[in-house]
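Each chain, written out:
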Amino acid sequence: MLFSAFILGLISSLHCVGMCGPIAMMLPVDHKNEAKKVTQIITYHLGRLTAYSTIGLIFGLLGRGFFLAGMQQRMSIFIGIAMILIALIPEKIFARYNFSKPVYKVISNIKSNLGSQFKKKSYKSLFTIGLLNGFLPCGMVYVALFGAIAMQSAGFGVLYMLLYGLGTIPLMTVVVYVNSLLKLPFRNKIQKAIPYVAVIIGVLFILRGLGLGIPYLSPSNMSLFVQGTPNCH
């Protein structure tokens, strides 16, 4: 299922263009020195990958808890259904409820610190911008976190989110060079493709949880990353 993380990242980057594209465009990079500009953009992405890996670790540990409790198959089905619901339910319905209210102050501080970093031009500030950017609330990141939970271990949770982050890099890098990607007609077109991909990945997680005996896709034994039967000699 790890392959789904990179694919989800590629598709999510279409959403990122609209949500985080302005941040990428405002990066304090050196537009006169192309080589330096490339290293600065890479530094920004490293910050984002660090953020994704960190939350992948946290949710991977949570998934490991479900795995040890013998709930991994039911959790995989639940996660698949949740992915599909998030993809199909209109955003305006979610907008009626402020799910981030309990952590509003934390998010507010992140945004405040993020804004202050644009005034600097150091590699440290670029890394910090990427790091804070990665921690900002995002619906597609939430979908990816469901996948991290289903990975059954902290290590694979980190790897899942890392692959997700790598998938977002190509288009988010292009945005720095091509401003036209932020134009409304383009954003409207790509937004329509996102739900279909999220539904497909959700179905894969459901199949995985059903344990239909299909190799790799829906194995009968959910112990995909650890030895299924103890080897006691």
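Since the model is a prediction, treat every value here as computed from it, not as a measurement. (Residues numbered from 1 in each chain as written. Predicted model: local features only at pLDDT ≥ 70, side-chain atom pairs only at ≥ 80, totals over all residues. Heavy atoms only, no water.)

**So, the overall build of the chain**
We count it as follows: Helix numbering and strand numbering both begin at the N terminus, where a helix is a DSSP run of H or I of at least 4 residues and a strand a DSSP run of E of at least 2. Here's how the labels work: a residue is buried when its accessible area is under 20% of the maximum for its type, exposed when over 50%, partly exposed in between, all with a 1.4 Å probe on protein chains only. What makes two residues a contact is simply this: any of their non-hydrogen atoms within 4.5 Å.
Secondary structure summary: the chain contains eleven helices and zero strands in total. Order of helices (α) and strands (β) in the chain, N terminus to C terminus: α-α-α-α-α-α-α-α-α-α-α. Within the chain, the proportion of its 233 residues that are buried is 44%. Here the analysis covers contacts within the chain between residues at least 6 apart in sequence; of these, 79% occur between residues at least 24 apart.

**Focus on the packing of aromatic side chains**
The line we're drawing: Ring pairs are drawn from Phe, Tyr and Trp, using the six-membered ring of Trp, whenever the two centres fall within 6.5 Å, and their geometry is named by plane angle: stacked under 30 degrees, edge-to-face over 60, tilted for the rest.
Across all of its chains, the model carries one aromatic pair by this definition. With a centroid separation of 5.5 Å and 75 degrees between ring planes, the pair formed by Tyr52 and Tyr164 is classed as edge-to-face. Of this pair, Tyr52 sits in helix α3 (residues 34-68) while Tyr164 sits in helix α9 (residues 154-177), and the two are 112 residues apart along the sequence. A residue is classified by how much of its surface remains accessible, and Tyr52, at 4% relative accessible area, is buried.

**Side note on helix α7 (residues 123-135)**
To be explicit about the condition: In this analysis, the expected span of each helix is defined as 1.5 Å times one less than the number of residues it contains.
Across its 13 residues, α7 extends 19 Å between first and last C-alpha, which sits within 8% of the 18 Å expected from 1.5 Å per residue. Every buried residue of α7 is accounted for by Ser125, Leu126, Thr128, Ile129, Gly130, Leu132, Asn133 and Gly134.

**A closer look at the side chain of Ser53**
Its location among the elements puts Ser53 in helix α3. Ignoring sequence-local partners within four residues, the contact set of Ser53 consists of Val158, Met161 and Leu162.

**Notes on the environment of Phe135**
Relative to the assigned elements, Phe135 resides in helix α7. In this structure, the C-alpha to C-alpha distance between Phe135 and Arg48, residues 87 residues apart in sequence, is 8.1 Å.

**A closer look at the nonpolar core**
Applied cut-off: To qualify as a nonpolar core, a set must consist of buried Ala, Val, Leu, Ile, Met, Phe, Trp, Tyr and Cys residues joined through side-chain atoms within 4.5 Å.
Core analysis: the biggest nonpolar cluster contains 28 residues, and Leu8, Val141, Tyr160, Met161, Tyr164 and Phe205 have the highest contact counts within it. No other element matches helix α8 (residues 139-149), which puts seven residues into this core. With 16 residues, the next largest nonpolar core counts Ile23, Leu126, Ile129 and Val175 among its residues.

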